[in-house]
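Fold and geometry: a report
One-letter residues, chain by chain:
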Amino acid sequence: MMRKILTNFLYLFGLPKSIYVCLRLCRLKDAIRLPIIVSHKTKLDDLSGSVSFGKIKPGIVRIGFGSVETFDFSYQRTILHVSGHIHFNGKSKIGKSSRISVAGELVLGENFHISAGGTIISRKKITIGKNTLMAWDSLITDADHHHILDQEGRITNPPAEVSIGNQVWIGARSMILKGAEIANGSIIGAQSLVSGKFREDRCLIAGNPARKLKKDVYWQE
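Since this is a predicted model, take the numbers as computed values, not measurements.

Quick notes on the rules
- Residues numbered from 1 in each chain as written.
- Predicted model: local features only at pLDDT ≥ 70, side-chain atom pairs only at ≥ 80, totals over all residues.
- Heavy atoms only, no water.
- Helix = DSSP H or I, 4+ residues; strand = E, 2+ residues; numbered from the N terminus.
- Buried < 20%, exposed > 50% of the residue type's maximum accessible area, 1.4 Å probe, protein only.
- Core = buried A, V, L, I, M, F, W, Y, C linked by side-chain atoms within 4.5 Å.
- Contact = heavy atoms within 4.5 Å.

1. Brief notes about unusual backbone geometry
- The linkage connecting N208 with the following residue, P209, adopts the cis geometry, with an omega of 5°.
- With respect to the helices, strands and loops of the structure, P209 is situated in the loop between β22 (203-207) and β23 (210-215).
- One non-glycine residue with positive phi stands out, namely R173, at about 60°.
- Within the secondary structure, R173 sits in the loop between β16 (169-170) and β17 (175-176).
- Classification of R173 by relative accessible area gives partly exposed; the value is 45%.
- The backbone phi angle of D216 is positive, close to 55°, even though this residue is not glycine.
- Note on placement: D216 falls in the segment after β23.

Below, the structure is given as C-alpha coordinates:
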(Lines give C-alpha, C1' and ligand atoms only; values in the text may rest on other atoms or scores of the structure.)
Protein backbone atom coordinates (compact mmCIF):
# COMPACT_ATOMS: atom_id res chain seq x y z
CA MET A 1 0.00 0.00 0.00
CA MET A 2 2.76 2.45 0.94
CA ARG A 3 4.67 1.64 -2.25
CA LYS A 4 1.59 2.42 -4.34
CA ILE A 5 1.11 5.73 -2.53
CA LEU A 6 4.78 6.64 -3.09
CA THR A 7 4.56 5.70 -6.77
CA ASN A 8 1.48 7.87 -7.27
CA PHE A 9 3.25 10.74 -5.52
CA LEU A 10 6.23 10.39 -7.86
CA TYR A 11 3.92 10.41 -10.88
CA LEU A 12 2.35 13.60 -9.58
CA PHE A 13 5.72 15.18 -8.84
CA GLY A 14 6.81 14.50 -12.43
CA LEU A 15 3.61 15.90 -13.95
CA PRO A 16 5.01 19.28 -15.11
CA LYS A 17 7.91 17.60 -16.87
CA SER A 18 5.58 14.95 -18.32
CA ILE A 19 3.31 17.60 -19.82
CA TYR A 20 6.33 19.36 -21.34
CA VAL A 21 7.67 16.13 -22.89
CA CYS A 22 4.30 15.25 -24.39
CA LEU A 23 3.84 18.72 -25.88
CA ARG A 24 7.34 18.68 -27.38
CA LEU A 25 7.34 15.15 -28.82
CA CYS A 26 3.70 14.28 -29.58
CA ARG A 27 1.06 15.59 -31.92
CA LEU A 28 -1.24 17.90 -29.98
CA LYS A 29 -4.21 15.51 -30.16
CA ASP A 30 -1.98 12.83 -28.61
CA ALA A 31 -0.22 15.12 -26.15
CA ILE A 32 -3.45 16.16 -24.41
CA ARG A 33 -3.99 12.52 -23.45
CA LEU A 34 -0.62 12.53 -21.58
CA PRO A 35 0.65 9.22 -23.01
CA ILE A 36 4.18 9.69 -21.60
CA ILE A 37 4.88 10.06 -17.90
CA VAL A 38 8.45 10.90 -16.92
CA SER A 39 10.10 11.04 -13.54
CA HIS A 40 11.14 14.41 -12.20
CA LYS A 41 14.66 12.91 -12.08
CA THR A 42 14.77 12.65 -15.88
CA LYS A 43 17.26 14.90 -17.70
CA LEU A 44 15.69 16.19 -20.93
CA ASP A 45 18.77 16.46 -23.13
CA ASP A 46 17.09 16.99 -26.54
CA LEU A 47 13.42 16.89 -27.51
CA SER A 48 13.62 18.09 -31.11
CA GLY A 49 12.38 14.75 -32.51
CA SER A 50 9.00 13.03 -32.36
CA VAL A 51 7.13 10.02 -31.05
CA SER A 52 4.14 8.07 -32.33
CA PHE A 53 1.95 5.33 -30.93
CA GLY A 54 0.33 2.15 -32.16
CA LYS A 55 -2.32 2.68 -29.52
CA ILE A 56 -2.62 5.49 -27.06
CA LYS A 57 -3.96 6.09 -23.58
CA PRO A 58 -2.79 8.11 -20.57
CA GLY A 59 0.51 6.91 -19.09
CA ILE A 60 1.07 4.14 -21.62
CA VAL A 61 4.81 5.02 -21.58
CA ARG A 62 6.55 5.51 -18.23
CA ILE A 63 10.13 6.72 -18.08
CA GLY A 64 12.41 6.85 -15.04
CA PHE A 65 10.45 4.80 -12.53
CA GLY A 66 10.90 1.34 -10.98
CA SER A 67 12.02 -0.40 -7.82
CA VAL A 68 15.32 -2.12 -8.59
CA GLU A 69 17.07 -2.28 -5.23
CA THR A 70 20.61 -1.80 -6.62
CA PHE A 71 19.83 1.65 -8.08
CA ASP A 72 19.51 4.68 -5.83
CA PHE A 73 16.79 6.96 -7.14
CA SER A 74 18.17 9.85 -5.07
CA TYR A 75 21.47 10.10 -6.97
CA GLN A 76 20.93 8.58 -10.43
CA ARG A 77 19.08 10.31 -13.26
CA THR A 78 17.37 9.04 -16.38
CA ILE A 79 18.42 10.73 -19.64
CA LEU A 80 16.12 11.31 -22.60
CA HIS A 81 17.50 12.50 -25.96
CA VAL A 82 15.10 12.32 -28.91
CA SER A 83 16.22 14.12 -32.05
CA GLY A 84 14.96 11.25 -34.24
CA HIS A 85 11.76 9.24 -33.96
CA ILE A 86 10.41 6.68 -31.47
CA HIS A 87 7.36 4.55 -32.19
CA PHE A 88 5.69 2.85 -29.23
CA ASN A 89 3.45 -0.03 -30.28
CA GLY A 90 1.97 -0.25 -26.79
CA LYS A 91 2.84 -0.05 -23.12
CA SER A 92 6.53 0.55 -22.32
CA LYS A 93 8.39 0.89 -19.03
CA ILE A 94 11.83 2.46 -19.14
CA GLY A 95 13.33 2.10 -15.69
CA LYS A 96 15.20 4.54 -13.52
CA SER A 97 18.73 5.59 -14.51
CA SER A 98 18.22 4.45 -18.11
CA ARG A 99 19.61 6.42 -21.06
CA ILE A 100 17.67 6.76 -24.31
CA SER A 101 19.38 8.54 -27.22
CA VAL A 102 17.55 8.41 -30.55
CA ALA A 103 18.86 10.35 -33.52
CA GLY A 104 17.67 7.64 -35.91
CA GLU A 105 14.59 5.46 -35.39
CA LEU A 106 13.54 3.30 -32.45
CA VAL A 107 10.54 0.95 -32.60
CA LEU A 108 9.41 -0.64 -29.32
CA GLY A 109 6.89 -3.46 -29.09
CA GLU A 110 3.99 -3.84 -26.66
CA ASN A 111 5.11 -4.40 -23.06
CA PHE A 112 8.78 -3.51 -23.60
CA HIS A 113 10.57 -3.12 -20.26
CA ILE A 114 13.99 -1.89 -19.11
CA SER A 115 14.42 -2.83 -15.46
CA ALA A 116 16.97 -0.08 -14.68
CA GLY A 117 20.16 1.49 -15.97
CA GLY A 118 19.75 0.33 -19.57
CA THR A 119 21.07 2.27 -22.56
CA ILE A 120 19.61 2.41 -26.06
CA ILE A 121 21.41 4.48 -28.71
CA SER A 122 19.88 4.63 -32.19
CA ARG A 123 21.62 6.35 -35.09
CA LYS A 124 19.93 4.32 -37.85
CA LYS A 125 17.17 1.93 -36.71
CA ILE A 126 16.58 -0.38 -33.76
CA THR A 127 13.47 -2.57 -33.66
CA ILE A 128 12.47 -4.46 -30.49
CA GLY A 129 9.48 -6.81 -30.34
CA LYS A 130 6.73 -7.23 -27.77
CA ASN A 131 7.17 -8.63 -24.24
CA THR A 132 10.92 -8.10 -24.33
CA LEU A 133 12.84 -7.45 -21.11
CA MET A 134 16.15 -5.59 -20.96
CA ALA A 135 17.92 -6.15 -17.65
CA TRP A 136 19.97 -3.59 -15.78
CA ASP A 137 23.13 -2.00 -17.21
CA SER A 138 22.58 -3.46 -20.69
CA LEU A 139 23.35 -1.63 -23.94
CA ILE A 140 21.74 -1.74 -27.38
CA THR A 141 23.30 0.37 -30.13
CA ASP A 142 23.31 0.37 -33.92
CA ALA A 143 26.48 2.46 -34.41
CA ASP A 144 30.14 2.64 -33.43
CA HIS A 145 29.86 6.41 -32.71
CA HIS A 146 33.27 7.19 -34.22
CA HIS A 147 34.04 6.88 -37.93
CA ILE A 148 36.81 4.64 -39.18
CA LEU A 149 38.14 5.85 -42.54
CA ASP A 150 40.10 4.11 -45.28
CA GLN A 151 42.95 5.74 -47.19
CA GLU A 152 40.48 7.49 -49.51
CA GLY A 153 38.62 8.98 -46.58
CA ARG A 154 35.56 6.72 -46.95
CA ILE A 155 33.69 5.58 -43.85
CA THR A 156 34.19 1.85 -43.34
CA ASN A 157 31.96 1.36 -40.29
CA PRO A 158 28.52 2.87 -41.01
CA PRO A 159 25.60 2.19 -38.64
CA ALA A 160 23.68 -1.05 -39.18
CA GLU A 161 20.13 -1.87 -38.08
CA VAL A 162 19.48 -3.96 -34.98
CA SER A 163 16.49 -6.31 -34.83
CA ILE A 164 15.32 -7.99 -31.62
CA GLY A 165 12.28 -10.27 -31.65
CA ASN A 166 9.37 -10.89 -29.33
CA GLN A 167 9.69 -12.33 -25.80
CA VAL A 168 13.46 -11.82 -25.59
CA TRP A 169 15.25 -11.61 -22.24
CA ILE A 170 18.45 -9.57 -22.42
CA GLY A 171 20.58 -10.41 -19.40
CA ALA A 172 22.31 -7.87 -17.18
CA ARG A 173 25.28 -5.96 -18.61
CA SER A 174 24.89 -7.45 -22.07
CA MET A 175 25.83 -5.48 -25.18
CA ILE A 176 23.82 -5.76 -28.39
CA LEU A 177 25.85 -4.12 -31.14
CA LYS A 178 25.16 -2.86 -34.65
CA GLY A 179 23.92 -5.38 -37.19
CA ALA A 180 22.71 -7.85 -34.54
CA GLU A 181 19.60 -9.96 -35.09
CA ILE A 182 17.98 -11.88 -32.24
CA ALA A 183 15.04 -14.20 -32.87
CA ASN A 184 11.81 -14.58 -30.87
CA GLY A 185 11.99 -16.16 -27.42
CA SER A 186 15.76 -15.89 -27.10
CA ILE A 187 17.65 -15.52 -23.82
CA ILE A 188 20.85 -13.45 -23.82
CA GLY A 189 23.17 -14.45 -21.00
CA ALA A 190 24.56 -11.81 -18.63
CA GLN A 191 27.57 -9.84 -19.90
CA SER A 192 27.26 -11.26 -23.40
CA LEU A 193 28.38 -9.37 -26.50
CA VAL A 194 26.05 -9.92 -29.45
CA SER A 195 26.97 -8.62 -32.89
CA GLY A 196 25.94 -11.56 -35.07
CA LYS A 197 22.67 -12.83 -36.49
CA PHE A 198 20.79 -15.42 -34.43
CA ARG A 199 17.68 -16.32 -36.42
CA GLU A 200 16.58 -19.51 -34.65
CA ASP A 201 13.77 -19.00 -32.13
CA ARG A 202 14.02 -19.82 -28.41
CA CYS A 203 17.77 -20.18 -28.09
CA LEU A 204 20.11 -19.44 -25.19
CA ILE A 205 22.82 -17.13 -26.48
CA ALA A 206 25.80 -16.18 -24.35
CA GLY A 207 29.49 -15.35 -24.31
CA ASN A 208 31.93 -12.81 -25.70
CA PRO A 209 31.51 -13.07 -28.60
CA ALA A 210 28.06 -14.60 -28.12
CA ARG A 211 27.22 -18.04 -29.49
CA LYS A 212 24.23 -20.37 -29.28
CA LEU A 213 24.48 -22.64 -26.24
CA LYS A 214 21.04 -24.30 -26.12
CA LYS A 215 17.84 -24.40 -28.13
CA ASP A 216 14.16 -24.82 -27.27
CA VAL A 217 14.46 -22.75 -24.09
CA TYR A 218 11.67 -20.78 -22.42
CA TRP A 219 11.61 -18.06 -19.78
CA GLN A 220 8.99 -16.22 -17.74
CA GLU A 221 8.95 -13.07 -15.64
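More follows now that the structure is in view.
2. Examining the nonpolar core
- Core analysis: the largest hydrophobic core is formed by 42 residues, its most contacted members being I36, I100, I120, I140, I164 and I176.
- Sorting elements by how many residues they give to this core places helix α2 (residues 15-25) first, with 3 residues.
- Look past the residues within four positions of I100 in its chain and what remains in contact with it is I79, L80, H81, I86, I94, L106, I114 and I120.

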